[in-house]
Amino acid sequence: MFTIDPHMALPESKISALAEDTSDDEACVLPADTMLILQQFLQEKALKERSEEAGPESAGCFEENWQLSQFWYNEETKQKLALIVKHLQENNPSDTFQVALLSAPSAFKHVVKENKNAMLFEFDERFASYGENFQQYDYNRAFDAGYMDAYAHQFNLVIADPPFLSEECIEKMGVIVKKITKQEGKIVLCSGAVVHDWAKKHFGVSMCEFRPEHERNLGNEFRSYANFDLDSILNKEQ
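Q: Would you explain the overall build of the protein in this entry?
A: A count of helices and strands for the protein gives seven helices and seven strands. Counting from the amino terminus, helix and strand elements in the protein follow one another as α-α-α-β-α-β-β-β-α-β-α-β-β-α. Excluding contacts between residues fewer than 6 apart, the proportion of contacts in the protein whose partners are at least 24 apart in sequence is 62%. Counting every atom, the protein has about 13400 Å² of accessible surface; 46% of that belongs to carbon and sulfur.

Right under this line is the structure:
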């Protein structure tokens, strides 16, 4: 039997032990605050287990976190990004086609339907529910020695959406994208029109006609950039 101060924060290990110790066959009287914590823990555990069983395509929907500068794409934009993935991998001569999304979590479920091994790199650890398809990262560590070396030159296509419209952010994201992209790999950058010069300088990409859109209207004009003819793919699919 556990003795718990309801005013103290409980570590997850202790909550887990309490959950295992509590059975339907025995009466377990707990303070109201402790019971609430236990119920929340069990609900989150069940949700995580269901997500893992269903796979990354069906992992839970997440609300935007504006403090992390998260703004979700609308349905049409997610479909178009998935079309780009589909077209490029169908025309790829190699046996494997690997895709990475950096800070573009709202497009992941559409992309992973086209490429089951697609990897989401995201600072927000809520997306760890995607299991092996998720890798937590921080663009601010771009210049750290050895950072992201495990993924060096691994991806045929990288889709990136830097969270901030500053040259510092674009530069650091560019360092990471260039490191993880294969030598002849494709890059898609979704960002504001104001980053045009920085995108060319740090990513080596040019502005495209395709304009990504969001579920919520943003104050900044949003554009796409690529190091290949992205527009011809989308126009062909229309």
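Q: Would you mind showing me how to read the confidence of the model for the protein here?
A: Low pLDDT means the predicted atomic positions in that stretch should not be read closely. Confidence along the protein averages 81 in pLDDT terms, with 70% of residues attaining 70 or more. Note on residues 1–10: pLDDT is under 50 here. Beyond four places in sequence and across chains, it has 17 contacts. Between residues 50–60, whose pLDDT stays under 50, and residues either more than four places distant or in other chains, the model counts 15 contacts.

Q: Explanation requested: unusual backbone geometry in the structure shown.
A: In this structure, S103 is a non-glycine residue whose phi angle is positive, near 60 degrees. With respect to the helices, strands and loops of the structure, S103 is situated in the loop between strand 1 (99–102) and helix 4 (108–114). The buried category is assigned to S103, whose relative accessible area is 17%. At H153, a residue that is not glycine, the phi angle is positive and equals roughly 50 degrees. Positionally, H153 belongs in the loop between strand 3 (134–136) and strand 4 (155–160). According to the relative accessible area criterion, H153 is exposed, its value standing at 52%.

Q: What is the right way to look at the pattern of salt bridges in this model?
A: Two side chains that carry opposite charge are able to pair once their charged atoms sit near each other. In total, this model carries nine salt bridges according to the counting rule given. Its salt-bridge partner being R141, residue D144 comes within 3.0 Å of it at the nearest N-O pair. Residue classification places D144 among the partly exposed positions, given a relative accessible area of 35%. Between E167 and K201 there is a salt bridge, with its nearest N and O atoms 3.4 Å apart. Here K201 lies in helix 6 (residues 196–202) and E167 lies in helix 5 (residues 167–180), a separation of 34 residues in the sequence. Overall, the relative accessible area of 56% leaves K201 in the exposed class.

Q: Explain helix 3 (residues 75–90) here, please?
A: Every α-helix winds through 3.6 residues per turn, so residues three or four apart in the chain are directed the same way. Between its first and last C-alpha, helix 3 extends 23 Å over 16 residues, near the 22 Å set by a 1.5 Å rise per residue. Those residues of helix 3 lying buried are T77, K78, L81, A82, I84, V85, H87 and L88.

Q: Explain the pairing of strand 7 (residues 222–226) here, please?
A: The side chains of a regular strand alternate, residue by residue, between the two faces of the sheet. Burial analysis of strand 7 places five of its five residues in the buried class, the great majority of the element. In terms of strand pairing, strand 6 (residues 206–207) meets strand 7 through two bridges, oriented antiparallel. For S206, the partnering residue across the bridge sits in strand 7 and is A226.

Q: Teacher, can you tell me more about the sheet that holds strand 4 here?
A: Pairing between the strands of a sheet is mediated by backbone hydrogen bonds and can be parallel or antiparallel. Read across the sheet, seven strands follow the order 3-2-1-4-5-7-6 without closing on themselves; strand pairing throughout is mixed. The strands lining the two open edges of the sheet, one partner per strand, are strand 3 and strand 6. Relative to strand 4, strand 1 is paired through four bridges, and the arrangement is parallel. Across the sheet, V99 pairs through a bridge with L157, a residue of strand 4. Contacting strand 1, strand 4 and strand 5 (181–192), helix 3 crosses the sheet at an angle of about 170 degrees to strand 4.

Q: Could you clarify how one ought to interpret helix 5 in this entry?
A: For helix 5, with 14 residues, the first-to-last C-alpha span of 20 Å sits near the 20 Å given by 1.5 Å per residue. Within helix 5, the full set of buried residues consists of C169, I170, K172, M173, G174, I176, V177 and I180.

Q: So what exactly am I meant to see when it comes to the environment of N133 here?
A: Secondary-structure assignment places N133 in the loop between strand 2 (119–122) and strand 3. Spatially, the C-alpha atoms of N133 and K116 are 8.5 Å apart, while their sequence positions differ by 17 residues. Among the polar contacts listed, one links the side chain of N133 to the backbone oxygen of K116, at a separation of 3.0 Å.

Each value, and the rule that gives it
- Every chain is numbered on its own, with residues counted from 1 as its sequence reads.
- Per-residue local features are limited, in this predicted model, to residues with pLDDT of at least 70; the limit for side-chain atom pairs, both in listing and counting, is 80 or more; totals at the level of whole chains, interfaces and linings are taken over all residues.
- Water and hydrogen atoms play no part in the side-chain values, which are based on all heavy atoms of the structure.
- Note on conventions: DSSP H or I runs of at least 4 residues are helices, E runs of at least 2 residues are strands, and numbering of each starts at the N terminus.
- By the convention used here, residues are in contact when the closest approach between their heavy atoms is within 4.5 Å.
- Computed with the Shrake-Rupley method and a 1.4 Å probe, the accessible areas treat only the protein chains shown as cover for residues.
- pLDDT is defined as a per-residue confidence score from the predictor, taking values between 0 and 100.
- Summary of the burial criterion: residues with accessible area below 20% of their type's maximum are buried, those above 50% are exposed, and those between are partly exposed, where the area comes from a 1.4 Å probe applied to protein chains only.
- Any Lys or Arg side-chain nitrogen located within 4 Å of an Asp or Glu carboxyl oxygen qualifies as a salt bridge.
- For a helix, the expected span equals 1.5 Å multiplied by the residue count minus one.
- Here, a strand pair is defined by DSSP locating no fewer than two bridges between the strands.
- Note on method: axes are straight lines fitted to C-alpha atoms, helices fitted across the in-contact stretch only, with angles between N-to-C directions ranging 0 to 180 degrees.
- We call two N or O atoms a polar contact when they sit within 3.5 Å, provided that within protein one can donate a hydrogen and the other can accept it, with sequence-adjacent residues counted only if both atoms are side-chain atoms.

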